[in-house]
Amino acid sequence: MSSASARYFMTDDSIAPDPLSSERPVQLKYGVGGQWKDSKTQKQMPCYDPSTGAVIALAPCCTAEEVEQAIVAAERAFPAWRDTPVSKRVQVLFKMKSLMDAHLDELTLLLARENGKKWDEARGDVLKVTEVVEFACGAPHLMKGESLMDVTPGYDTVRFNEPLGVFAGIAPWNFPAMIPQGWMAPICIATGNTMVLKAASFAPQSAMRITELWYEAGLPPGVLNIVTTSRTEAEIFLKHPAIKGVSFVGSTSVGLHVYATASAHGKRVQALTEAKNHALVMRDAALERTAQSIINSFCGCAGERCMALPVVVVENAIADQLVARVKAMAAALKLGPAYEKSTELGPLINAGHRRFVLDWIDKGIQEGAALVLDGRSPQIPKSCQRGFFLGPTIFDHVTEDMEVGREEIFGPVLCFKRVDNFDQGIAIVNRSRFANGSVIFTESGHHARRFARESDAGMVGINVGIPVPLGIFGFTGHKQSFFGDLHCMGRDGFIFFTESKNVTSTWFTGKAVPAKISTWDGTMNRD
C-alpha cells in the first residue's frame, strides 16, 4: 500500500474542479488485503476543507460486498498474524513509531485541512497515535499470563492471553487520526488480531494515509483494512460471524444501538459516546489561570470533542468576575485557516454541523439563557468566507430546565450555571446523564478530594480543564458516555483484545498409577 503507484487516492480528470478552489477533488479508494481498490459504488461522499468550504476529496460509500471483502481479508490474515510471535509483531510497531515521527508535519497538514483543527491541535491528534503505538510496543509484557506450580500435588496451571480474530473499528470524524489509528488499531494489532476500520466519511484521509504507513512498517496484507461507507453497510460489522468485537466512538443513540446489536450477536463491544462535561469553580480558585483553562477547554478543537468543557458551574461569589474574564478572552481569539499557525480557533467540520450548533444557540436564546457573547457572525479572513466558522458563544444564568445546558452541542458554546456552594455544585455536576469528565477549580484540598470522590465522571480533573489521561491509563467514561465493560487503551485495552485460556497439566512418568481417579481428576485440593 505504500508504493507511489498504489496510493489511497487518485486524480480523475472526469471529476469537475471545485468552484471555490478551482482544484479537482481527489477520488479516494478503500484498502483491502494490502491493496487500494476502486469502489464500484455509485455514491460518493464529499469531503470538505472546513477552512474554505471547498470539496477536496470524494469518499466512496463502499458497497455491502466491499465491506464483506474487507472482513474476509482480515479473517484470512488472522491465523498467520496470530501465530507470529508477539516479540516479532511489535517490531512492526517500533518501525511504525519511527514513520509517524518522520511524517508528523505531513500528517498534521493533512488533518488540519480535512478536519479543521488548528495546527497545534492537528499535531496533537497525530501525536496521540504515536503515544498509543509506543504503549502497544509493551505487548510482550502486557500479554503475559499467570502460572502456578502445584496448584494441587503434581498439577500445574498456566493462564495464557490469546487474540480473538477480526475486530471492527467504527470511527467518528472529530479525531480522524487519534481515534481509529490510536485508540483502536495499535493494541488490536499488537495483540495478534486483525481489523477492519470504518473511517469517518467526512474526514477519512488521515486514517488512510496512516494505513499506508502501517504497511510500509511491515504489517502483512489484510491485518489492517479500511473502508468508508454508510450506516447501512456498517451494520454488517455488528452481525457478521467473523467479527469478534467492535470498537465504536460516536453518538449515544448510535452507540447504544451498536452495543445492543453487536453484543446480542455474541461480540465484545466498547462504545464511547456523548458527553456534557461540567466544571465546578470554587470561590478560592486562581481566577486568571482558571479562565485560561476554560477558554482552552470549550474552544479547543472548536468544541468538537467529547472531553470539551461546555458547562461551568460557578459559585455566585465570583461568578460575575469569572464570566467577564472568560468573555474577554474568548472575544479576543483569532479565527482563521486551520493550517495557519497563528490561528487560535479553527472552523467546524462542515455546513451541516455548523447549522446544528447554530440551532442550539437559537434554542438557548428561546429557553431564556442570557447570551453574553454571540459568535454567530465572527470576523474571519476573506479567504475563509465560505468556511464553516463559528465564534465562541457564551450563555450565562443557564438553569437545569434548559436543554442547552444538558445536551451535547459539539461546538464552541459555553454555559454558565450559578450556585451558592460546593454541595449545590456537585449535585448539578452529577445530575447529567453523561459522565465522561468533570473538573473542579479550587485551592482547597478538602473540596478537591471530595469532588474526586463524589463525582460520577470517569475522568476527573483537579485544576485540569481537559482531564484526558495518557493512553497507559485508558479512556474511562461512565453512565451514558460509555456502553461496555472494558474501556479503550490502558490495561482494559489489552484485556478487550484478548481472551484467557487456562491450561492445567500433570505428567505420569515415574508416578504410581492411582487405583482410582476422582471426579475432579486431581484439581480438588480439599478433603
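Fair warning: this is a prediction, and the values are worked out from it, not measured in the lab.

Cut-off values and rules
Residues numbered from 1 in each chain as written. Predicted model: local features only at pLDDT ≥ 70, side-chain atom pairs only at ≥ 80, totals over all residues. Heavy atoms only, no water. Buried < 20%, exposed > 50% of the residue type's maximum accessible area, 1.4 Å probe, protein only. Helix = DSSP H or I, 4+ residues; strand = E, 2+ residues; numbered from the N terminus. Pairing = 2+ DSSP bridges. Salt bridge = Lys/Arg side-chain N within 4 Å of Asp/Glu carboxyl O. Patch = residues over 30% accessible without salt bridge, like charges linked within 9 Å, V, L, I, M, F, W, Y side chains within 5 Å. Areas by Shrake-Rupley, 256 points an atom, 1.4 Å probe, with all protein chains shown as cover. Axes fitted to C-alpha atoms, helices over the stretch in contact; angles between N-to-C directions. Contact = heavy atoms within 4.5 Å. Polar contact = N/O pair within 3.5 Å; in protein donor to acceptor, adjacent residues only side chain to side chain.

> Before we move on, can you summarise the pairing of strand β18 (residues 413-419) with the specific residues and values?
Among the seven residues in β18, six count as buried, and that is most of the element. Where strand β15 (residues 311-315) and β18 come together, five bridges link them in parallel fashion. Among the inter-strand pairings, E315 is bridged to a residue of β18, identified as V419.

> So, the pattern of salt bridges: which residues are in play, and what are the values?
If you walk through the whole model with that rule in mind, you get 30 salt bridges. For E400, the salt bridge identified is with K417, shortest N-O distance 2.6 Å. One end of the pair, E400, is in the loop between β17 (393-396) and β18; the other, K417, is in strand β18, and 17 residues separate them in sequence. Residue class for E400 comes out partly exposed when judged on its relative accessible area of 24%. Given a relative accessible area of 2%, K417 falls into the buried group. With a closest N to O distance of 3.1 Å, D456 and K479 form a salt bridge. Linking D456 in the loop between α14 (445-454) and β21 (459-462) with K479 in strand β22 (residues 478-479), this pair joins segments that are 23 residues apart in sequence. Taken together, the salt bridges that share partners define one network made up of R355, D359, D362, D374 and R376.

> An account of a nonpolar patch on the surface is needed here, citing residue identities and associated values.
On the surface, L470, I472 and F473 cluster together to form a nonpolar patch covering roughly 340 Å² of accessible area. Mapped onto the elements of the fold, I472 is located in the loop between β21 and β22.

> I'd love a proper account of the sheet that holds β21, names of residues and values included.
Strands sit in the order β16-β17-β18-β15-β14-β20-β21 across an open sheet of seven strands; the sheet is mixed. The open sheet has two free edges, formed respectively by β16 (370-373) and β21, since each of these has just one partner strand. Averaged over all pairs of adjacent strands, the angle between strand axes in this sheet comes to 20°, irrespective of strand direction. With three bridges connecting them, β16 and β17 associate as antiparallel partners.

> Would you mind going over helix α13 (residues 422-431) in detail, with residue names and values included?
What α13 keeps buried is the set F422, G425, I426, I428, V429 and N430. Of the surrounding elements, those touching the buried residues of α13 are β14 (278-281), β15, β18, β20 (437-441), α14 and β22. If you check the start of α13, you find a side-chain oxygen 3.2 Å away from the backbone N of D423, and it comes from N421.

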